[in-house]
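# Commentary on secondary and tertiary structure
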Amino acid sequence: YMAWGAADYTGMDRFYSTHDVERERQIYLALRSTLSNEEKTRFDAAVDLSQGIRFNEARIRYYYGTAAEDCDQPLPPESVDIVLGRGVLQATDIHRSLAAIYRLLKPGGLTCHKVELRDLGMFSHNGYHPLEFLTLRESTYRWMVEGADRPNRRHIPDYRRILADLGFTSTIRIAAVIDPTLPGHPDDYREVLPHKEHLVLGVDYDQPSLDLARAIRPRLDPHFQSLSDEELMASGIFFTSQKPA
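Described in the following lines is the structure provided in the data block.

Attention now goes to the overall build of the protein chain. Looking only at helices and strands, the protein chain has eight helices and nine strands in total. Considered along the principal axes of its C-alpha atoms, the protein chain spans approximately 60 × 40 × 35 Å. Within the protein chain, the fraction of its 245 residues that count as buried is 40%. For the protein chain, the proportion of contacts with a sequence separation of at least 24, taken over those separated by at least 6, is 70%.

Okay, the packing of helix H3 (residues 94-104) against helix H5 (residues 156-166) next. The packing of two helices is summarised by the inter-axis angle and the distance between the axes. Two numbers describe how H3 lies on H5: the axes approach to 10 Å, and their chain directions differ by 35°. Handedness of the H3/H5 crossing: right-handed. From H3, Ile 94, His 95, Leu 98, Ala 99 and Tyr 102 reach across to H5, where they touch Asp 158, Tyr 159, Ile 162, Leu 163 and Leu 166. Of the residues belonging to the contact of H3 with H5, the class tally is eight nonpolar, one polar and one charged.

Moving on to the environment of Leu 84. Locating Leu 84 in the fold gives a position in strand E5 (residues 80-86). Residue Leu 84 is classed as partly exposed on the basis of its relative accessible area of 46%. Along the sequence, Leu 84 and Arg 190 sit 106 residues apart, while their C-alpha atoms lie 23 Å from each other.

Read across the open sheet, the five strands follow the order E5-E6-E9-E7-E8; overall the sheet is mixed. With one partner strand each, in any of the chains shown, E5 and strand E8 (189-196) form the two edges of the open sheet. The sheet shows a mean angle of 15° between the axes of neighbouring strands, taken without regard to direction. The sheet contact formed by strand E7 (residues 169-178) and strand E9 (residues 234-242) spans eight bridges and is antiparallel. From the neighbouring strand, Arg 173 faces E9, where its bridge partner is Phe 238. Docked against the sheet, H3 engages E5, strand E6 (105-116) and E9, running at close to 150° with respect to E6.

Leu 98, Tyr 159, Ile 237 and Phe 239 are the most contacted members of the largest nonpolar core, which totals 46 residues. Tallying contributions element by element places H3 first for this core, with six residues. Setting aside residues up to four positions removed in sequence, Tyr 159 forms contacts with Leu 89, Gln 90, Ile 94, Val 115, Asn 152, Arg 154, Ile 172, Ile 237 and Phe 239. Listed in part, the eight residues of the second largest apolar core include Met 2, Ala 3, Leu 35 and Phe 43.

With that settled, consider unusual backbone geometry. Here the residue pair Leu 193 and Pro 194 is connected by a cis peptide bond, since its omega of -5° sits within 30 degrees of zero. Of note, Pro 194 is situated in strand E8. The backbone of Glu 78 sits at a positive phi, close to 50°, despite the residue not being glycine. With respect to the helices and strands, the residue Glu 78 is situated in the loop between strand E4 (60-64) and E5. One non-glycine residue with positive phi stands out, namely Leu 120, at about 55°. As for its position among the elements, Leu 120 is in the loop between E6 and helix H4 (138-145). Given the relative accessible area of 34%, Leu 120 is considered partly exposed.

Structurally, Asp 179 is set in the loop between E7 and E8. The exposure class of Asp 179 is buried, given its relative accessible area of 2%. Polar contacts involving the side chain of Asp 179 include one to the side chain of Thr 181, which spans 2.5 Å. Separated by 3.4 Å, the side chains of Asp 179 and Arg 190 make a polar contact. Once residues within four sequence positions are removed from consideration, Asp 179 is found in contact with Asp 188, Tyr 189, Arg 190 and Ser 209.

Moving on, we get to the packing of aromatic side chains. If you walk through the whole model with that rule in mind, you get eleven aromatic pairs. Taking 5.0 Å as the distance between ring centres and 85° as the angle between the ring planes, the aromatic pair formed by Tyr 102 and Phe 168 counts as edge-to-face. Residue Tyr 102 is found in helix H3, and its partner Phe 168 is found in the loop between H5 and E7; the two are separated by 66 residues along the sequence. Relative accessible area serves as the criterion here: at 21%, Tyr 102 is assigned to the partly exposed category. Geometrically, the ring pair formed by Tyr 159 and Phe 239 is tilted, given 5.8 Å between the ring centres and 45° between the ring planes. One end of the pair, Tyr 159, is in helix H5; the other, Phe 239, is in strand E9, with 80 residues separating them in the sequence. Through pairs of rings, three or more aromatic residues link up here, namely Tyr 1, Trp 4, Tyr 9, Tyr 16, Tyr 28, Phe 55, Tyr 62 and Tyr 64. Just above the ring of Tyr 141 sits the side chain of Arg 153; from NZ or CZ to the centre is 4.4 Å.

Criteria and thresholds
Residues numbered from 1 in each chain as written. Predicted model: local features only at pLDDT ≥ 70, side-chain atom pairs only at ≥ 80, totals over all residues. Heavy atoms only, no water. Helix = DSSP H or I, 4+ residues; strand = E, 2+ residues; numbered from the N terminus. Buried < 20%, exposed > 50% of the residue type's maximum accessible area, 1.4 Å probe, protein only. Contact = heavy atoms within 4.5 Å. Axes fitted to C-alpha atoms, helices over the stretch in contact; angles between N-to-C directions. Left-handed = near helix turned anticlockwise from the far one by under 90°. Nonpolar A, V, L, I, M, F, W, Y, C, P; charged D, E, K, R; others polar. Pairing = 2+ DSSP bridges. Core = buried A, V, L, I, M, F, W, Y, C linked by side-chain atoms within 4.5 Å. Polar contact = N/O pair within 3.5 Å; in protein donor to acceptor, adjacent residues only side chain to side chain. Phe/Tyr/Trp six-rings, centres within 6.5 Å; stacked < 30°, edge-to-face > 60°. Lys NZ or Arg CZ within 6 Å of the ring centre and 35° of its normal.

Okay, structure coming up:
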């Protein structure tokens, strides 16, 4: 992002992961080698790779221990142009998280997120139906996952409703679908490339995926009974939302 012209970048994560600094340095060097001379100049102004990895703290900042629900706390309100998240929102209180993002964005600002809708192995890794976790009553599921980094089970209509209630203009695209014909594939899903607002039978999914979704529908918790077949097959989404200018 710095190479493309961003003035500054702020990263946030609820947890601090272990780092292999030398491997990361090699990745940065490989990334730098793909840039134009102008982009390399901007890159070098933000990251020094001569000895290890040193960030220009006036340009790149990281906040660890900050949950998505509190992402607006370290920075002034309406101070950010773009907020990006990958694999974050499915483990958060999405209303609080998206409200915090809304407060953080400048008028006209964008937020883009890749969101998992899978059980991330809770049941599927033990041979259960990939949507088995949607059959549990909400109260039971809350007791199971309270305080754990587990899927919140919020689905496409939940995101659509909350984003609209907050005032965002949004486009939600399906990024992956359940697929029982992929033996050994993690959680039996396949990506939809490019991501689409609506799926096409025979292109984005096949009959076994539809049959798999329909087979579990009678056992779903009431909250998920109203999902369309297309929504029920979705195992991941990508959405782009804009705050009013």
